Amino acid sequence: MGSQFSDDSDQLLSAYDYDLPEALIAQTPMVPRDRSRLLVVKGEGCQHQIFRDLPQFLQPGDLLVLNNTRVLPARLLGRKVSTNPGSEMPPLAVEVLLLEEQAQQCWLALVKPGRRLKPGACVEFGEVDNPLLRAEVLETDTATRGRVLKFEVLHPKLSFMNALEQLGQVPLPPYIQSLASQPEQYQTVFAANPGAVAAPTAGLHFTPELLETLTQQGIPQAYVTLHVGIGTFRPVEAECITDHTMHAEWVDVPEETVQLIQQTKARGGRVFAVGTTVVRSLEGVATLCDGLVPYCGKVNLFIYPGYRWKVVEGLITNFHLPRSSLLMLVSALIGRERLLQVYQEAIAQAYRFYSFGDAMLILPEAVIGGR
């Protein structure tokens, strides 16, 4: 299965733009989760369903691959420690968003206000008279414009993760203004391995009951771990998209998952990725290692039209932001022009977009090159 640039415009950032009415940006999750809508892309057309209808579009012997990362309470509110103990100035409020751990208790993070947090600055978190965490700014990261922070736990009976659970907040995307959702609603029901700073949102639609129904119908599930980081939401800024470099992300593709994928393909079943993070995990490893093998480490594969697929045959995904690398990835499956037509259909039908929004199922028959 492969794809080629249909024309030079596929390489232009502006070609991945679309207008979305603000009212269609989902502010709260659907309850129950599997009552969200499902736009099915099949053959030349589309079909409008409910997510719980997913089993009728899959076949016994197919395999769903899901991302079992768990979102950290990665948003911390603290204050800059004054270097002048006698100062009567109020402490400077600081917001920190952890992105990824680079060494033990040493994190790459986005910080506000960045101009006031230069190397050597210290920030404390917790009560003013009894802080639980302190962080020193070690350096500025030029790639992300973030900071590298070295954390120290100030309470002898707490681990860093204990302190983070007490002080941190699950970070919601900036386009979600509502405070009505609960933190667990931004976790998948199969979340197991803490480390992400954003949810693998395609997985949010699944309930335990739906997963059980799929299993009983002969559609098993396998898991990878990709800790969603800045690579997912970092904007593409280069007008020629081939000049964009993806931020590397940590993934774990276990041996059991590799074996299940191989067995599925051997018996003629189809491999469906649940979310773009799963796509990047499987295709990233297959590209790096010249074939899918068990792997634990970093990948930074940027998928856009012209990419030749190695593992994934179908996709379950949410609706993505304009000009995003995620939109380009999905375009590589069904073509940019068709994807934008599907998005216009979704807008006309008032689908809910982005993290808490509705879902799209791309069947292998709709993929460029077919199966």
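Here's a quick rundown of the structure.

Remarks on the packing of aromatic side chains
Thinking step 1. Overall, the coordinates contain 17 aromatic pairs when judged by the stated rule.
Thinking step 2. Consider the rings of F151 and F160, whose centres lie 5.2 Å apart with planes at 55°: the pair is tilted. Comparing F151 with F160, the two get one shared label, buried.
Thinking step 3. Each ring, one from F190 and one from Y223, has its centre 5.7 Å from the other, and the planes form 55°; the classification is tilted. Pair noted here: F190 is in the loop between α1 (160–167) and β11 (193–196) and Y223 is in strand β12 (residues 221–226), with a separation of 33 residues, a long-range link.
Thinking step 4. What makes F190 buried here is its relative accessible area of 11%.
Thinking step 5. Look at Y223 and you get partly exposed, because its relative accessible area is 27%.
Thinking step 6. Feature note: the residues Y18, Y175, F319, Y343, Y351, F353 and Y354 constitute an aromatic cluster, connected by ring pairs.

A short note on the sheet that holds strand β5 (residues 75–80)
Thinking step 1. Reading around the barrel, the six strands line up as β5-β6-β7-β10-β9-β8 and close back on themselves, with antiparallel pairing between neighbours. Averaged over neighbouring strand pairs, the angle between their axes works out to 45° when direction is ignored.
Thinking step 2. Across two bridges, β5 lies against strand β8 (residues 122–127) in antiparallel orientation. Note on β8: the bridge partner recorded for K80 is V123.

Some remarks on the pattern of salt bridges
Thinking step 1. Overall, the coordinates contain twelve salt bridges when judged by the stated rule.
Thinking step 2. Among the ionic pairs, R134 bridges to E124, the shortest N-O distance being 2.9 Å. With a gap of ten residues between them, R134 in strand β9 (residues 130–141) and E124 in strand β8 connect regions that are remote in the sequence.
Thinking step 3. Taking the shortest distance from any N to any O, the salt bridge between E237 and R145 comes out at 3.8 Å. Remark: R145 occurs in the loop between β9 and β10 (146–153) and E237 occurs in the loop between α3 (230–233) and β13 (249–253); sequence separation between them is 92 residues.

Re helix α4 (residues 255–266)
Thinking step 1. Across its twelve residues, α4 extends 16 Å between first and last C-alpha, which sits within 8% of the 16 Å expected from 1.5 Å per residue.
Thinking step 2. Tucked inside the fold, the buried residues of α4 contact β3 (63–67), β12, β13, β14 (271–274) and α5 (276–288).
Thinking step 3. Backbone geometry just after α4 places G268 at a positive phi near 85°.

About the thresholds
Residues numbered from 1 in each chain as written. Predicted model: local features only at pLDDT ≥ 70, side-chain atom pairs only at ≥ 80, totals over all residues. Heavy atoms only, no water. Phe/Tyr/Trp six-rings, centres within 6.5 Å; stacked < 30°, edge-to-face > 60°. Buried < 20%, exposed > 50% of the residue type's maximum accessible area, 1.4 Å probe, protein only. Helix = DSSP H or I, 4+ residues; strand = E, 2+ residues; numbered from the N terminus. Pairing = 2+ DSSP bridges. Axes fitted to C-alpha atoms, helices over the stretch in contact; angles between N-to-C directions. Salt bridge = Lys/Arg side-chain N within 4 Å of Asp/Glu carboxyl O. Expected span 1.5 Å × (residues − 1). Contact = heavy atoms within 4.5 Å.

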